[in-house]
Amino acid sequence: MIKYTKPLEQTTWRETEVGGVLTVPGTAREYRTGDWRSQHPVWTKSRCIRCGVCWTVCPEPAIVEEPGGYFDMDPNYCKGCGICARECVTGCISMVPEEE
Ligand code: SF4
Ligand code: SF4
């Protein structure tokens, strides 16, 4: 197993495993994919039935459950892909452009 001696963002391909194999679980949390985002989801909670589908389909650890069972995004990880808005069963998530 590779033991990284510096931050992941400074690690080059020469220091990764052959085939890009991940040997340590949970490393996705080290990638702050939030800075990819050009739009972000906004929830209309009055129409949310708290089914959790949005949380299930999000490809990043970017949707967090709030007290009461509603959901919101974690700006550190939401990359603005819009899958949550597309799959929301009541259509209560809207994608809004990021402001400069
Ligand atoms: S826009 Fe994409 S990354 Fe962001 S919360 Fe929705 S599904 Fe997750
Ligand atoms: S998929 Fe839509 S209705 Fe279901 S919990 Fe998420 S926001 Fe609410």
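Residues numbered from 1 in each chain as written. Chains lettered and ligands numbered in written order. Predicted model: local features only at pLDDT ≥ 70, side-chain atom pairs only at ≥ 80, totals over all residues. Heavy atoms only, no water.

So, on to the overall build of the protein chain. Within the protein chain, the regular secondary structure consists of two helices and four strands. Against the compact-globule benchmark of 13 Å for 100 residues, the protein chain has a radius of gyration of 16 Å, which places it well outside the compact range. Overall, the C-alpha framework of the protein chain stretches about 50 × 30 × 25 Å when taken along its three principal axes. Looking at the 100 residues of the protein chain, the share that counts as buried comes to 29%. When contacts within the protein chain are restricted to residue pairs at least 6 apart in sequence, long-range pairs at least 24 apart make up 57% of them. For the protein chain, the accessible surface area stands at approximately 7200 Å², while carbon and sulfur atoms represent 53% of it. Measuring between centres, the 11 positive side-chain charges of the protein chain sit 3 Å from its 14 negative side-chain charges. (Helix = DSSP H or I, 4+ residues; strand = E, 2+ residues; numbered from the N terminus. Rg over C-alpha atoms; globule rule 2.2 N^0.38 Å. Buried < 20%, exposed > 50% of the residue type's maximum accessible area, 1.4 Å probe, protein only. Contact = heavy atoms within 4.5 Å. Areas by Shrake-Rupley, 256 points an atom, 1.4 Å probe, with all protein chains shown as cover. Lys, Arg positive; Asp, Glu negative; His and termini not counted. Charge placed at Lys NZ, Arg CZ, Asp CG, Glu CD.)

Near ligand 1 you find Pro 41, Cys 58, Pro 59, Ile 63, Cys 78, Lys 79, Gly 80, Cys 81, Gly 82, Ile 83, Cys 84 and Met 95, and these make up its full shell. Mapping ligand 1 onto the cavity grids shows that it belongs to the largest cavity. Taken together, the residues of the shell around ligand 1 break down into nine nonpolar, two polar and one charged. (Near = heavy atom within 4 Å. 1 Å grid on protein atoms, 1.4 Å probe; cavity = no way out; pocket = protein on both sides within 12 Å on 5 of 7 lines; lining within 4 Å. Sits in = over half its atoms within 2 Å of the grid points. Nonpolar A, V, L, I, M, F, W, Y, C, P; charged D, E, K, R; others polar.)

With that settled, the discussion passes to the site of ligand 2. The local shell around ligand 2 holds 14 residues, among which Cys 48, Cys 51, Gly 52, Cys 54 and Cys 88 are the closest. With respect to the detected pockets, ligand 2 is housed in the second largest cavity. Of the residues contributing to the shell around ligand 2, the split by class is 11 nonpolar, two polar and one charged.

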